[in-house]
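# Geometric and topological summary
Each chain is listed here by its residues.
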Amino acid sequence: MSLELINPDDLPIPEMYTQVVVATGSKLVFVSGQQPEDIHGKLVGPGDFAAQARLAFGNLGRALRAAGARPEQVCKITIYIVDYKRDEHVPIIEEAQISLFGDHKPANVVVGVAIMSPGYLIEVDAIAVIDEAVRN
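Residues numbered from 1 in each chain as written. Predicted model: local features only at pLDDT ≥ 70, side-chain atom pairs only at ≥ 80, totals over all residues. Heavy atoms only, no water.

Counting secondary structure elements, the chain contains two helices and six strands. For the chain, the α and β elements follow one another from N to C terminus as β-β-β-α-β-α-β-β. Here the C-alpha atoms of the chain give a radius of gyration of 15 Å, agreeing with the 14 Å that 2.2 N^0.38 yields for 136 residues. The dimensions of the chain, computed from C-alpha atoms along their principal axes, are 40 × 40 × 20 Å. Burial statistics for the chain: of 136 residues in total, 38% are counted as buried. For the chain, the share of sequence-separated contacts (at least 6 apart) that also reach a separation of at least 24 residues comes to 75%. When the accessible surface of the chain is totalled, it reaches about 7,500 Å², and 54% of it is carbon and sulfur. (Helix = DSSP H or I, 4+ residues; strand = E, 2+ residues; numbered from the N terminus. Rg over C-alpha atoms; globule rule 2.2 N^0.38 Å. Buried < 20%, exposed > 50% of the residue type's maximum accessible area, 1.4 Å probe, protein only. Contact = heavy atoms within 4.5 Å. Areas by Shrake-Rupley, 256 points an atom, 1.4 Å probe, with all protein chains shown as cover.)

With that settled, the discussion passes to the nonpolar core. Side chains of a nonpolar character, in soluble globular proteins, are inclined to be buried together. Counting 22 residues, the largest nonpolar core has Phe-57, Leu-60, Ile-77, Ile-79, Ile-122 and Val-124 as the members making the most contacts within it. Of all the secondary-structure elements, those providing two or more residues to this core are strand 3 (27–34), helix 1 (49–66), strand 4 (74–82), helix 2 (86–101) and strand 6 (122–130). Among the elements that line this core, the one with the most residues is helix 1, at six residues. Aside from chain neighbours lying at most four places away, what touches Ile-77 is Phe-57, Leu-60, Gln-97, Phe-101, Pro-106, Ala-107, Asn-108, Val-109, Val-124, Asp-125 and Ala-126. In this structure, Leu-3, Cys-75, Ala-107 and Val-129 belong to the second largest nonpolar core, which totals five residues. (Core = buried A, V, L, I, M, F, W, Y, C linked by side-chain atoms within 4.5 Å.)

Here we come to the pattern of salt bridges. The full count for this structure, using the stated rule, is one salt bridge. One salt bridge connects Glu-72 with Arg-70, and the closest N-O pair in it is separated by 2.5 Å. In this structure Arg-70 comes out as partly exposed when scored by relative accessible area, which is 32%. (Salt bridge = Lys/Arg side-chain N within 4 Å of Asp/Glu carboxyl O.)

Backbone-to-backbone hydrogen bonds pair the strands of a sheet. The strands run either parallel or antiparallel. Spatially, four strands are ordered 3-6-4-5 in an open sheet, and the strand pairing comes out mixed. Two strands lie at the open edges of the sheet, namely strand 3 and strand 5 (107–113), each paired on one side alone. Pairwise comparison of adjacent strand axes, ignoring direction, gives a mean angle of 10° for this sheet. In this structure, strand 4 lies alongside strand 6, joined through seven bridges in antiparallel fashion. Note on strand 6: the bridge partner recorded for Thr-78 is Asp-125. Against the sheet, helix 1 engages strand 3, strand 4 and strand 6, with an angle of about 25° to strand 6. Sitting on the sheet, helix 2 touches strand 4 and strand 5, and the angle it makes with strand 4 is about 145°. (Pairing = 2+ DSSP bridges. Axes fitted to C-alpha atoms, helices over the stretch in contact; angles between N-to-C directions.)

The geometry of helix 1 relative to helix 2 is characterised by a closest axis approach of 9 Å and an angle of 30° between their N-to-C directions. By the criterion of interaxial angle, the relationship of helix 1 to helix 2 is roughly parallel. At the point where helix 1 passes helix 2, the crossing takes the right-handed sense. Here helix 1 contributes Phe-49, Ala-50, Ala-53, Arg-54, Phe-57, Leu-60 and Gly-61 to the contact with helix 2, which in turn contributes His-89, Ile-92, Ile-93, Ala-96, Gln-97, Leu-100 and Phe-101. Grouping the amino acids of the contact of helix 1 with helix 2 by side-chain chemistry returns ten nonpolar, three polar and one charged. (Parallel < 35°, antiparallel > 145°, perpendicular 65-115°, else oblique. Left-handed = near helix turned anticlockwise from the far one by under 90°. Nonpolar A, V, L, I, M, F, W, Y, C, P; charged D, E, K, R; others polar.)

Further remarks concern unusual backbone geometry. The residue Asp-83 is not glycine, and still its phi comes out positive at about 50°. Topologically, Asp-83 is positioned in the loop between strand 4 and helix 2. The exposure class of Asp-83 is partly exposed, given its relative accessible area of 46%.

Structure, rendered in structure tokens:
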């Protein structure tokens, strides 16, 4: 699997993601939106955006592992946030994202939404590309 990360000279250079990711490989992994739920499907951290962000990204990591994918094989994530406030939410998202991805910066989209299930503040999904010829 190969990811080519491109930040064109005529676009801003983002800190936490890459503007363009070109992926080659033989297996695509699509991970459903991961929410801040424990193994029993119960919400963790009501009203605590940071706790919910950590768990949502942690659950994303567990889902990737189940598919045989590593975080550095993720080419794109989408982050859904209730009542998105950039200045308030971005530092928390960055911390949670770094805990899973380290220095890897997949392409991303942050979408502000009006509401999710009651008490839920964040959800994260992902697309990864794996080269089946190279075993994890």
